[in-house]
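# Coordinate inspection notes
Here's the letter readout for the chains.
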Amino acid sequence: MTLLEVRNLDVTYHVGDKAVRAVRDVDFTLDAGQTLGVAGESGSGKSTVALSLLRLLPNSAKVTGEILFQGEDVLAMGWGKLRAVRWAQMSVVFQGAMSALNPVRTIGEQIAEPILLHEKVRERAARARVDELLDNVGVSARRRSAYPHELSGGQRQRVMIAMAMACRPNLIIADEPTTALDVIVQAQILTLLTDLVRESGIGMIMISHDLSVLAETCERLAVMYAGEIVEIGPSRSLIDDSQHPYTRALSSAFPRIGDPASRLAPSGLPGDPPDPTEVAEEGCPFTPRCPVAFDACPTHPIELWPAGENRSSACLRVLPEYESIDQAVST
Amino acid sequence: MTAPNPAQLEVARDVGGGAAPGGERTRSTFWRYLASKLITALISFLFTLVIGFVMFSIMPSDPVHTLTRGRPTSAAQMAELRKELGVDLPRWEQFLHFVNQVIHGHLGYSYQLNQPVTTLIAERLWPTILLVGSATIISVLLGLWLGVRSGWKNGSLFDRVSSGVSLTLWSVPTFWLGLILLVLATSTFTGLLPSGGYQTPAVDYGLVAHWIDVGKHLLLPCLTLVLVVFAQYVTIMRSSIIDELGSPYLLTARAKGLRDDVVRRKHAFPNALLPSVTLIFLQIGGIIGGAITVETVFSWPGLGYLTYEALRTPDIQLLEGTFLVFSASVIVMNLLADILYRFLDPRVRAQ
Amino acid sequence: MTAVATTASGGLTSPSRWTPIKRFAGQYLRMPTGVAGLVILLGFAVLALTAPLYISNNNLDVTKVNGPLLAPPSHQYWLGTDLPGRSVALLTIWGSRVSLAIGIIATLLTMILGTTIGLLAGHFQGITSRLLMTLTDWFITLPSLPLAISLAAILGQGSTSITVAIAVTSWPATARLVRAQTLAVEARPFVERARALGAGNSQIIVRQVLPNVMPLVLVSSTLTIAGAILSETTLSFLGLGNPDEVTWGTMIEQAFSTGAITRGAWWYLLPPGIAIVIVVLGFTMTGRAVEHILNPRMVGARS
């Protein structure tokens with residue numbers, strides 16, 4: 001059963017006189033209980049896609065396309081319906097829990113807030129549920145009257161997860177849930193998240209620039225570059241046998257322990273992520289940095305072509321008339 | 001005394017396992033905090049005394065002559081006065097003498113009004129508190145209400161109109177506005193509102209009627225003061241809200257499905273209120289200035305009017321007395337601001 | 001700031017020194033409030049400077065005028081007359097001279113004093129700095145009007161006392177601002193470089209810090225002038241001005257103390273006040289426009 005179907009999602013930011021196209025014509029689907037990872041460098045548009053699912057982008061962003069959540073188009077919903085969907089059906093675990101939590105209210109109040117809003121329960125019942133949620137994420141229920149600054153980074157992230165699960169949503173979006181946490185805590189948080197999601201049968205979209213994290217936790221993987229999905233498919237096969245040069249570069253950059261820089265930059269890939277205002281409308285945006293680019297790349301219209309079972313890639317080389325990537329690399 | 005910089009209040013660093021401040025630890029740090037603030041306040045007051053002393057002693061003429069100008073005084077009385085004022089002592093001792101007098105509540109004698117300064121001040125204290133207090137409360141409420149809404153819908157028509165009106169009102173001299181209102185009251189709306197004073201003279205009202213009478217007299221001066229002062233609070237609150245606008249926790253609140261006004265009321269407002277509280281208290285200096293001129297215009301018998309009367313001769317001792325009282329009240333307000341802030345912000349409490 | 005441009009023929013030219021000024025002027029002219037403010041200021045400047053051309057002692061000396069006493073506006077006297085029979089319109093224009101002069105001079109003093117203290121406090125770390133800053137902070141806690149009143153009363157009635165009183169109450173704010181900016185500027189690498197090359201204290205202050213601090217000081221000076229004019233009005237109203245001089249403040253003071261109010265002579269009361277409001281608005285709008293250009297901020301909204 002399809003939980004989420006995104007079609008032709010396009011997001012343009014209007015800043016002053018400039019128009020920046022941050023997300024270009026993105027399609028993907030997610031079934032109930034499935035986990036999808038979205039990978040990419042900063043500026044690839046992955047966070048924008050996530051925020052657009054609940055229409056959380058600023059007013060300066062123009063969003064077109066269709067976001068069919070449980071059959072209904074989020075972009076066409078009225079405000080009342082949208083607010084009802086927010087958190088109760090689809091919730092978000094934001095990155096940087098220190099600033100994503102209100103500094104002057106206790107964490108107990110903040111977790112209870114959506115419960116009291118969406119469900120018709122009394123304060124006491126909500127409090128009981130808060131305790132249960134805190135328990136599930138491994139935070140002592142006694143901390144419910146603590147303020148965010150009194151908790152450690154890992155505990156705060158757990159609170160964010162507890163908060164996201166508060167109304168038993170059908171889909172959780174985790175936006176860089178482990179950035180700024182040290183490696184050990186990161187592993188704990190990831191395990192926690194995936195266990196909870198699996199146990200409750202919730203769908204999850206996880207966003208990260210860290211491919212290794214996504215490979216471990218998600219069934220399917222989508223790689224984004226310059227606002228487009230360049231490859232999507234089962235995560236294992238995407239890592240082991242990538243059919244797009246960008247994914248290849250990313251996947252050969254598994255982090256070395258103790259080297260935070262390696263997490264952020266694909267190894268051996270020269271250049272910087274493209275400036276969203278300067279991406280060409282025609283051809284493949286990865287051409288300037290691609291090690292196996294050829295003459296057709298800058299001009300040939302690009303779309304996602306089938307590249308194996310249940311997967312597709314936006315590289316010309318998956319088409320039969322051109323040399324495959326493996327062949328191009330070996331020459 | 002600076003308002004706490006929001007950057008200074010940034011998150012306490014992460015402590016592994018999370019710090020859990022026990023009740024006792026918070027209480028003892030509170031007393032230490034209070035003590036340090038009190039000491040700072042006392043030093044500020046000492047500085048005020050120094051400035052007051054220095055200022056009033058650069059009078060070119062002999063103080064005794066100035067005080068007794070135009071009044072027949074015998075040589076013995078002059079000598080007595082000299083001794084009381086400590087005029088013949090060297091500067092240092094004069095200062096200590098002066099401080100000693102102040103601590104004991106002797107602020108001098110007003111020859112113009114023929115009463116000790118302290119008595120005069122005590123008499124006129126309540127009307128000023130009434131005026132300044134009511135004006136402040138109304139201005140703060142009005143300013144907060146307008147400021148929050150203006151800042152939230154930054155750039156909207158409401159915001160621009162509100163900012164424009166605030167800016168214009170700030171440019172208006174307080175007393176001039178009062179005079180205009182006074183002219184309107186006396187000529188156009190004759191009889192409806194009194195033209196000055198605290199209460200209708202020579203009439204004996206019952207308790208309720210008395211307060212209504214005072215209220216009628218309070219209306220115009222209070223209105224004048226509010227009109228000029230509330231603009232500052234609008235600006236303060238508006239800036240605070242604008243500073244909060246980009247905060248991530250507001251995004252979380254929206255994502256939870258809360259309505260826009262609920263997000264503003266329950267999340268943005270409490271956070272924006274914190275820095276505003278201190279700034280609001282710090283405005284008291286400006287309100288005092290406004291009170292002086294407003295009381296003058298409406299003959300409101302408070303400390304401000306007393307100051308105006310002191311300017312006539314000029315009555316130096318009275319002037320010095322009011323200066324000290326005004327300065328002291330500003331210091332007290334700053335102290336209250338610091339203490340209040342500590343109570344309100346959970347992050348500061350932990351320090 | 002100086003980029004090198006290429007001409008059509010491929011040669012290199014460097015832009016004139018006026019380019020940043022021209023750019024600033026262009027941006028400024030695009031702000032309606034800024035333009036309005038500037039127009040107001042220029043208008044008043046013209047009025048104040050050209051006044052002696054058509055206002056002579058005959059109009060101002062109470063023994064020489066022969067207009068109706070405290071008369072409402074008429075064809076001959078557009079804004080009516082005051083108690084001795086002088087034209088209120090002419091008085092208002094003449095009053096702008098002293099009021100503006102006091103405002104400007106007081107602000108100049110404030111700027112000099114505040115900037116000096118701020119620079120010294122920011123440049124010399126250690127005891128000097130802390131002493132100066134504590135002094136400044138204490139001064140700020142003193143309520144400004146009582147302090148100004150006391151000072152002006154002691155120094156005696158008149159414009160000089162008022163000017164000094166205003167300067168003494170306004171310098172701390174400027175000093176604070178300048179100190180903060182000095183610290184920020186001195187943290188930049190080019191100052192370190194200058195120091196390493198052996199620049200002395202005064203060289204660093206004058207050559208490096210001052211040019212970076214001046215724009216901020218100029219912006220804050222517009223607001224200071226606005227406040228100074230309001231202060232002059234207030235102090236004159238309280239009787240601390242020179243009664244023989246015509247300023248906007250003394251006009252209102254006379255309207256008050258001679259009972260014009262109770263006689264309902266609104267024409268005597270309104271013009272000086274309105275003039276004050278317009279001039280103060282002019283300075284404030286100009287100052288804000290300049291500030292907006294120097295510190296642009298982006299604002300967005302979410303729903």
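Please refer to the structure placed before this passage.
Residues numbered from 1 in each chain as written. Chains lettered and ligands numbered in written order. Predicted model: local features only at pLDDT ≥ 70, side-chain atom pairs only at ≥ 80, totals over all residues. Heavy atoms only, no water.

### Let's talk about the overall build of chain A
Counted only if it meets this: Secondary structure counts use DSSP, requiring at least four H or I residues in a row for a helix and at least two E residues in a row for a strand, with both numbered from the N terminus. Radius of gyration: over C-alpha atoms. The globule rule applied is 2.2 Å multiplied by the number of residues raised to the 0.38 power. Here's how the labels work: a residue is buried when its accessible area is under 20% of the maximum for its type, exposed when over 50%, partly exposed in between, all with a 1.4 Å probe on protein chains only. Whether two residues are in contact is decided by their heavy atoms: any pair within 4.5 Å suffices. Per-residue and other accessible areas were derived by the Shrake-Rupley procedure at a 1.4 Å probe size, with only the shown protein chains allowed to occlude residues. The charged-residue count follows a simple rule in which Lys and Arg add positive charge and Asp and Glu add negative charge, with His and chain termini not counted at all. Where a charge lies is defined by one atom per residue type, namely NZ (Lys), CZ (Arg), CG (Asp) and CD (Glu).
Within chain A, the regular secondary structure consists of twelve helices and twelve strands. For 331 residues, the compact-globule formula gives about 20 Å, and the C-alpha radius of gyration of chain A, at 21 Å, lands near that figure. With the principal axes as the frame, chain A shows a C-alpha extent of 65 × 45 × 40 Å. When burial is assessed residue by residue, chain A has 57% of its 331 residues classed as buried. Sequence separation of at least 24 residues holds for 63% of the intrachain contacts in chain A that already meet a minimum separation of 6. For chain A, the accessible surface area stands at approximately 14200 Å², while carbon and sulfur atoms represent 50% of it. Side chains of chain A carry 31 positive and 42 negative charges; the gap between the two charge centres is 10 Å.

### Concerning the interface of chain B and chain C
You'll often see interface size given as the accessible area lost when the parts meet. We apply this condition: What counts as buried area is the accessible surface, traced by a 1.4 Å probe, that two parts surrender upon association, with contributions from both included. A side-chain nitrogen of Lys or Arg and a carboxyl oxygen of Asp or Glu constitute a salt bridge if their distance falls within 4 Å. Think of a polar contact as two N or O atoms within 3.5 Å of one another; within protein, one of them needs to be a possible hydrogen donor and the other a possible acceptor, and neighboring residues in sequence only count if both atoms come from side chains.
The partner chain C presents 40 residues to the 44 residues of chain B that form the contact. Across the chain B to chain C interface the summed buried area is about 4000 Å²; carbon plus sulfur atoms make up 82%. Of all residues in chain B, the largest losses of buried area upon contact with chain C belong to F47, F175 and W176 of chain B, amounting jointly to 15% of the total for that side. If you look at where chain B meets chain C, you find zero salt bridges. Here chain B and chain C share one residue pair in polar contact (both at pLDDT 80 or more) between them.

### A closer look at unusual backbone geometry
One non-glycine residue with positive phi stands out, namely D25 of chain A, at about 50 degrees. Here D25 of chain A lies in strand β2 (residues 18–31).

### Some remarks on the environment of P194 of chain B
All names here are of chain B. Turning to its location among the elements, P194 is positioned in the loop between α7 (174–188) and α8 (207–245). Between the C-alpha atom of P194 and that of D213, which follows or precedes it by 19 residues, the distance is 9.4 Å. Aside from chain neighbours lying at most four places away, what touches P194 is K216, H217 and L220.

### A word on the pairing of strand β1 (residues 2–15) of chain A
Both faces of the sheet carry side chains from a regular strand, because those side chains alternate between them. Residues and elements named next belong to chain A. What counts, and what does not: Here the rule is simple: two strands pair whenever DSSP picks up at least two bridges between them.
As judged from the ten bridges shared by β1 and β2, these two strands associate in the antiparallel manner. Note on β2: the bridge partner recorded for L9 is V26. Here β1 hands over to β2 after two residues, with G16 in that stretch at a positive phi of 65 degrees. With eight bridges joining them, β1 and strand β4 (residues 61–69) adopt antiparallel strand pairing. Each residue of the ladder has a partner; that of D10, found in β4, is T64.

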